[in-house]
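# Observations on the three-dimensional arrangement
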Amino acid sequence: GQQLNQSPQSMFIQEGEDVSMNCTSSSIFNTWLWYKQDPGEGPVLLIALYKAGELTSNGRLTAQFGITRKDSFLNISASIPSDVGIYFCAGQNSNYQLIWGAGTKLIIKP
Amino acid sequence: DAGITQSPRHKVTETGTPVTLRCHQTENHRYMYWYRQDPGHGLRLIHYSYGVKDTDKGEVSDGYSVSRSKTEDFLLTLESATSSQTSVYFCAISDGGNQPQHFGDGTRLSIL
């Protein structure tokens, strides 16, 4: 079946640093979505990407839909403590079903 | 927050007992989904619904059934719970097509 490889699995960063994570697949997707999940809550949509090559920002977050339609990345600039959490990518296939990455856990060093 | 309410939020039960989880939405969205989330697996689709009484299987549907008798409610049933079904269960809704899914806050289910 379709799979997404999300990396890194976890990141330890200093407050103020920029963060980058990505998802890759051997399959083509029509839509890429990035979600953030805080403990005890459901995933919350951060950014949705609908066209190959599309670059979209949401505040300090920027995501891109890869030109091959098989990958996407998410950047966070100038990280702050509330950025801590688990970030998930999800690709939507031609059947409109979501395939999920395993998540990137963001931890800020004290 | 999207108007999605999952109940109960936590449940502990014994192997072999039936369990029903409820998802209620106030957004009048056509599509509703049930996922389970386990460490290292991200979210995996159990079943979804594309309208009242219209449902289909997802990736991990064995041992689960669903029902949707009203637009706003989507029920997930474990007919005879097993320890492998211990997980966090999330409901999601969408307007279909390429519209993003929005999630409830989950039900933590422990089967002893």
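Above this text is the structure in question.
Attention in this report is confined to the structure presented alongside it. Please read all numbers here as calculations on a predicted model, not as lab measurements.

So, on to the overall build of chain A. A count of helices and strands for chain A gives 0 helices and 11 strands. Reading chain A from its N terminus to its C terminus gives the helix and strand order β-β-β-β-β-β-β-β-β-β-β. Projected onto the principal axes, the alpha-carbon positions of chain A cover approximately 45 × 25 × 20 Å. Across the 110 residues that make up chain A, the buried fraction comes to 44%. Sequence-distant contacts in chain A: of pairs separated by 6 or more residues, those separated by 24 or more amount to 52%. Looking at chain A as shown, the accessible area adds up to about 5300 Å², and 50% of this sits on carbon and sulfur atoms.

Turning next to the sheet that holds strand β6 (residues 55-58) of chain A. Residues and elements named next belong to chain A. Pairing is antiparallel in the open sheet, where 5 strands are placed in the order β1-β3-β8-β7-β6. Among the strands making up the open sheet, the edge pair consists of β1 (5-7) and β6. The average undirected angle you get between the axes of adjacent strands in this sheet is 15°. Here 5 bridges tie strand β7 (residues 61-65) to strand β8 (residues 71-76), and the two strands are oriented antiparallel to one another. Pairing of Phe65 across the sheet is with Ser72, part of β8.

All told, the structure shown has 12 aromatic pairs over all chains when counted by the stated rule. Aromatic pair Tyr35 of chain A and Phe103 of chain B: ring centres 5.6 Å apart, planes at 90°, arrangement edge-to-face. Taken as a pair, Tyr35 of chain A in strand β4 (residues 31-37) and Phe103 of chain B in strand β10 (residues 102-103) lie in two separate chains rather than in one. A relative accessible area of 0% places Tyr35 of chain A in the buried class. Ring pairing ties together the aromatic residues Tyr35, Phe88 and Trp100 of chain A together with Tyr31, Tyr33, Tyr35, Tyr48, Tyr50 and Phe103 of chain B, which thus form one cluster.

Okay, the nonpolar core next. Counting residues in hydrophobic clusters, the biggest one holds 22 residues, and the most contacted among them are Trp32, Trp34 and Leu74 of chain A. Taken together, the elements giving at least two residues each to this core come down to β2 (10-13), β3 (19-24), β4, β5 (44-49), β7, β8, β9 (85-92) and β11 (104-108) of chain A.

Glancing now at the pairing of strand β9 (residues 87-94) of chain B. All names here are of chain B. By the criterion of burial, β9 is predominantly enclosed, with 8 of the 8 residues buried. What you see with β9 is no split at all: Ser87, Tyr89, Cys91 and Ile93 on one side and Val88, Phe90, Ala92 and Ser94 on the other are buried throughout. The pairing of strand β4 (residues 31-37) with β9 spans 7 bridges and is antiparallel. Looking across to β9, one finds that Arg36 is bridged to Tyr89.

Residues and elements named next belong to chain B. Positionally, Asp73 belongs in strand β8 (residues 73-78). Residue Asp73 is classed as buried on the basis of its relative accessible area, which comes to 8%. Reaching out from Asp73, the side chain makes a polar contact with the side chain of Arg22 at a distance of 3.1 Å. Beyond its immediate sequence surroundings of up to four residues, Asp73 is in contact with Arg22, Cys23, His24, Met32, Ser67 and Arg68.

Criteria and cut-off values
- The residue numbering used here restarts from 1 in each chain and proceeds along that chain's sequence as written.
- In the order they appear in the text, chains get letters beginning with A and ligands get numbers beginning with 1.
- Totals for whole chains, interfaces and linings use every residue, but because this is a predicted model, local features are given only for residues with pLDDT of at least 70 and side-chain atom pairs only at 80 or more, for both listing and counting.
- Side-chain measures were taken over the full set of non-hydrogen atoms in the model, leaving aside hydrogen atoms and water.
- Numbered from the N terminus, helices here are DSSP runs of H or I no shorter than four residues, and strands are runs of E no shorter than two.
- Under the scheme applied here, a residue whose accessible area is under 20% of the maximum for its type counts as buried, over 50% as exposed, and between as partly exposed, the area being computed with a 1.4 Å probe on protein chains only.
- Any two residues whose heavy atoms approach within 4.5 Å at even a single point are treated as in contact.
- Only the protein chains shown count as covering a residue, and every accessible area follows the Shrake-Rupley method with a 1.4 Å probe.
- Here the rule is simple: two strands pair whenever DSSP picks up at least two bridges between them.
- Fitting a line to C-alpha atoms yields each axis, with helices limited to the stretch in contact; the angle taken between N-to-C directions then spans 0 to 180 degrees.
- Aromatic contacts are taken between Phe, Tyr and Trp rings whose centres are within 6.5 Å, Trp giving its six-membered ring; a plane angle under 30 degrees counts as stacked, one over 60 as edge-to-face, and the others as tilted.
- Side-chain atoms within 4.5 Å link the members of a nonpolar core, which is a set of buried Ala, Val, Leu, Ile, Met, Phe, Trp, Tyr and Cys residues.
- Definition of a polar contact: a pair of N or O atoms within 3.5 Å, with one able to donate and the other able to accept a hydrogen when the atoms are protein atoms, and with sequence-neighbouring residues admitted only if both atoms are side-chain atoms.

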